[in-house]
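Descriptive analysis of the structure
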Amino acid sequence: MTALSKTLPALALLGSLLSAGPACAQALKATVSQAFQSMLYLPLYVAMDEGLFAKAGIAVTKETAGAPSVALSAVISKSAEFSIHGPEWTAVAASKGAPVNVIANVVNGAAVWIATTPDFNFTGVKDLKGQTIVTGLMPTTSTSLFLKLLKENGLSKDDVTLTQVQLGTEPGPFLAGQAKVAVLYEPGLDQVVAKGMKVVLGFPKLYGPYAFSAVSARKDVDPAAAQAFVNGMQAAVTLMQAEPAKAVAVAKRQFPNLDPAVVEAAVKRMMDEKVYPVSVDITKAALVLGLDTQIALGNLAAQPDYDTFVRKDFIAKALAAN
């Protein structure tokens, strides 16, 4: 996410936001601001659609911000109690003085894949030299991870031609024959697989546990509301692992305009490759790995202090309750 810190408009107003008095939050009612409506955030939708937040004792309203920076801004300004996006946005904000941290895991794998046309002979990353690559418009993690992958294999962005497009539109130019290679999130990946394209590299398997998306909150969040929210999220990921068919059904309801077969394939792939977490816990190793990508790109100066950045108290109680 190149120039990540420059794209956090909330931080420009940080002084005024931090001076705001305590919010008069309604007990056990909360708003969560998601960066996008994304299949990655399926645990949130399962918690809402399956009544798991209600069972945990909290009424949750979902809003879609349109960008991670806007979602986090809502938390900083107290117009939302929680936000969901990459933890790097929260780490950058915290490094600039924002009283925010992360309280629960949402996506625990680097949910990015590389696909090629059926005739492309892929034996390794070096085969991509000289190719045109369709990928998401920066700043985005898919392109950031791809550039990091090139560097790790002795290549640079100058060795390829990047065709950067708006997130979610990557399948279009790829299927239209404008490139033989694409870097994709779900459900775009399984949309192109359904058209005969092949998956040649998956970052979830390459990296293992990777803090990709998390729930963020202010440090002064109502602890009762935060605990109920985390409890609901833990119940959701537990249900997804025990009854994946219910997770698929929720995804189909949340994304009615997508081919149901594509939705099912995408959810199955992300469960099989452990993109969805088995618990809300965020391990130190997974956080360090995720944020190291941002440090390498110059977006984050250093790792945050894990013990204060991750609210293990909420997590521990949620695991004990479920």
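For the structure, check the block above.
Cut-offs and rules
- Residues numbered from 1 in each chain as written.
- Predicted model: local features only at pLDDT ≥ 70, side-chain atom pairs only at ≥ 80, totals over all residues.
- Heavy atoms only, no water.
- Helix = DSSP H or I, 4+ residues; strand = E, 2+ residues; numbered from the N terminus.
- Rg over C-alpha atoms; globule rule 2.2 N^0.38 Å.
- Buried < 20%, exposed > 50% of the residue type's maximum accessible area, 1.4 Å probe, protein only.
- Contact = heavy atoms within 4.5 Å.
- Areas by Shrake-Rupley, 256 points an atom, 1.4 Å probe, with all protein chains shown as cover.
- Lys, Arg positive; Asp, Glu negative; His and termini not counted.
- Charge placed at Lys NZ, Arg CZ, Asp CG, Glu CD.
- 1 Å grid on protein atoms, 1.4 Å probe; cavity = no way out; pocket = protein on both sides within 12 Å on 5 of 7 lines; lining within 4 Å.
- Points joined across faces, edges and corners; volume = space filled by probe spheres on them.
- Nonpolar A, V, L, I, M, F, W, Y, C, P; charged D, E, K, R; others polar.
- Pairing = 2+ DSSP bridges.
- Axes fitted to C-alpha atoms, helices over the stretch in contact; angles between N-to-C directions.
- Phe/Tyr/Trp six-rings, centres within 6.5 Å; stacked < 30°, edge-to-face > 60°.
- Polar contact = N/O pair within 3.5 Å; in protein donor to acceptor, adjacent residues only side chain to side chain.
- Salt bridge = Lys/Arg side-chain N within 4 Å of Asp/Glu carboxyl O.

Counting its secondary structure elements, the chain contains 16 helices and 10 strands. Taking 322 residues into account, the globule formula puts the C-alpha radius of gyration at 20 Å, and the chain, at 19 Å, falls close to it. Along the first, second and third principal axes, the C-alpha set of the chain runs to 60 × 40 × 30 Å. Looking at the chain as a whole, 55% of its 322 residues are labelled buried. A separation threshold of at least 6 residues defines the contact pool for the chain, and within that pool the share at least 24 residues apart is 82%. Just so you have it, the chain exposes about 12900 Å², and 55% of that area is on carbon and sulfur atoms. A gap of 2 Å separates the mean positions of the 27 positive and 25 negative side-chain charges of the chain.

The next subject is the layout of surface pockets. In this structure, the largest pocket occupies an estimated 750 Å³ of space. What lines the largest pocket is a set of 34 residues, and nearest its centre among them are Phe36, Ser38, Thr140, Leu167 and Tyr185. Broken down by class, the residue content of the lining of the largest pocket amounts to 18 nonpolar, 13 polar and three charged.

Sheet strands pair via backbone hydrogen bonds, and the direction of the pair is either parallel or antiparallel. One open sheet accounts for five strands, arranged S2-S1-S3-S10-S4; its pairing is mixed. Where the open sheet ends on each side, the last strands, each with one partner, are strand S2 (59-64) and strand S4 (100-109). Averaged over all pairs of adjacent strands, the angle between their axes in this sheet comes to 25 degrees, without regard to strand direction. In terms of strand pairing, strand S1 (residues 29-34) meets strand S3 (residues 82-85) through three bridges, oriented parallel. Opposite Ser33, over in S3, you have Ser83 as the bridge partner.

A separate point is the pairing of S1. In terms of residue burial, S1 counts as a mostly covered element, since five of its six residues are buried. Sheet topology places S1 next to S2; six bridges connect them, and they run parallel. Bridge pairing links Ala30 to Val60 in S2.

As a further point, take the packing of aromatic side chains. Evaluated as defined, the whole model comprises seven aromatic pairs. Between Phe53 and Phe229 the ring centres are 4.7 Å apart and the planes differ by 20 degrees, which places this aromatic pair in the stacked class. Of this pair, Phe53 sits in helix H4 (residues 52-56) while Phe229 sits in helix H11 (residues 223-242), and the two are 176 residues apart along the sequence. The same class applies to Phe53 and to Phe229, which are both buried.

Turning to its location among the elements, Asn101 is positioned in strand S4. Residue classification places Asn101 among the buried residues on the basis of a relative accessible area of 2%. Only 3.5 Å separates the side chain of Asn101 from the backbone oxygen of Thr308, close enough to count as a polar contact.

To continue, consider the pattern of salt bridges. According to the stated counting rule, one finds 13 salt bridges in the structure shown. Glu186 is the partner of Arg269 in a salt bridge, and the nearest nitrogen-oxygen pair spans 3.2 Å. With Arg269 in helix H13 (residues 260-272) and Glu186 in the loop between strand S8 (181-184) and helix H9 (188-193), the pair connects residues that are 83 residues apart, well separated along the chain. Residue classification places Arg269 among the buried positions, given a relative accessible area of 18%. Given a relative accessible area of 6%, Glu186 falls into the buried group.

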